[in-house]
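# Architecture at a glance
The residues making up each chain are set out below.
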Amino acid sequence: MADPNTQRQGRSTSRAPKFHIFGMTLDQKELIIAAYCAFFFCVAIIGMIAGGLGGKEEAPKEPPPEPIVTQGDDEPEEPEPEPFKLSQTSASLDPGGSVTLFVTGAMGEVSWATSNNKVVTVADGVVTAVAGGSATVTATSGEDSAVCIFTVSGVPYVSTLNLYLNKTDFTFVSGSAPVQMRLKLKETRADYDGEIVWASADPQIAKISETGLVEWVGKGTTTVTATVDGLVFECIVRAK
């Protein structure tokens, strides 16, 4: 016959455990179901909260308006100064001819100068040719300067003080070869190629051509002359 105590212990051992939560008594199966329900409920709540927060999109921020710039707001740029220059950089003239030079870009009073006033002269921009050669005219205003090169045709200017005759006294006889007279430049000893007026004081003793060639005519003594710009050069001729 079985022990009643043993049977009582077996029955008590197989009884399902009970859980008391929030004043309710739940067995294990009910507890699991309640836990699942609570979990899904929490997930649903969290999803709703997250969806509500995510649904509120912020309106895009508009860029700040660009400042309106009117033409009057800009300060006008100062024009660059015009370069200092002459109306011509080179010119050709005949003796006695003239040309007027004009200046642009001058910031003050303009002064004028010529490198050789025996070739060209200049006054207030008016350039006048004097004699053959070349010269530079310079215009100056402050620290600025400009030049124009002039070429003058014709015979170069020569001071009569720089001239001399190749002979000042000579003797020749009948039948002698003609004697060539020349005016020469003292500095270079070259022949002067400007205009010369040749003359003989007595053509019955010696005659002279337009080129200065002296020929014997008769016995006696006379002079032949060369005249340049009013200055007279003499040579004594003795014909025997």
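Use the structure listed above.
Residues numbered from 1 in each chain as written. Predicted model: local features only at pLDDT ≥ 70, side-chain atom pairs only at ≥ 80, totals over all residues. Heavy atoms only, no water.

## Some thoughts on the overall build of the protein
- Along the backbone of the protein there are 2 helices and 20 strands.
- Every one of the 240 residues in the protein was classed for burial, and the buried ones make up 23%.
- Nonlocal contacts in the protein, meaning residues at least 24 apart in sequence, comprise 46% of its contacts between residues at least 6 apart.
- Accessible area for the protein stands at about 17500 Å²; split by element, carbon and sulfur atoms hold 55% of it. (Helix = DSSP H or I, 4+ residues; strand = E, 2+ residues; numbered from the N terminus. Buried < 20%, exposed > 50% of the residue type's maximum accessible area, 1.4 Å probe, protein only. Contact = heavy atoms within 4.5 Å. Areas by Shrake-Rupley, 256 points an atom, 1.4 Å probe, with all protein chains shown as cover.)

## What to know about the sheet that holds strand S18 (residues 213-216)
- Ordered by their spatial adjacency, 3 strands build an open sheet running S14-S18-S17, and the pairing between neighbours is antiparallel. Lying at the two open borders of the sheet, with one neighbouring strand each, are strand S14 (179-180) and strand S17 (206-208). (Pairing = 2+ DSSP bridges.)

## Observations regarding the pattern of salt bridges
- Taken as a whole, this structure holds 3 salt bridges when the rule is applied.
- A salt bridge links Arg238 to Asp169, with the shortest nitrogen-to-oxygen separation between them at 2.9 Å. You can see Arg238 sitting in strand S20 (residues 231-239) and its partner Asp169 sitting in strand S13 (residues 169-172), a full 69 residues away along the chain.
- A salt bridge links Asp191 to Lys184, with the nearest nitrogen and oxygen atoms 2.8 Å apart.
- Exposure remark for Asp191: the relative accessible area of 41% places this residue in the partly exposed category.
- By relative accessible area, Lys184 is classed as buried at 17%.
- One salt-bridge network, held together by shared partners, links Arg182, Lys184 and Asp191. (Salt bridge = Lys/Arg side-chain N within 4 Å of Asp/Glu carboxyl O.)

## Structural notes on the environment of Val158
- Examined against the element boundaries, Val158 turns out to sit in the loop between strand S11 (144-152) and strand S12 (163-165).
- Look at Val158 and you get buried, because its relative accessible area is 18%.
- Counting along the chain gives 27 residues from Val158 to Leu185, while the straight-line C-alpha distance between them is 8.3 Å.
- Those residues in contact with Val158 that lie beyond four places of it in its chain are Leu163, Leu185 and Tyr192.

## Here we look at the environment of Ala135
- Mapped onto the elements, Ala135 comes out in strand S10 (residues 133-141).
- Given the relative accessible area of 3%, Ala135 is considered buried.
- Sequence-wise, Ala135 and Thr151 are 16 residues apart; in three dimensions their C-alpha atoms are separated by 6.8 Å.
- The residues touching Ala135, leaving out its near neighbours within four places in the chain, are Thr114, Ser115, Asn116, Val119, Val120, Cys148, Ile149 and Phe150.

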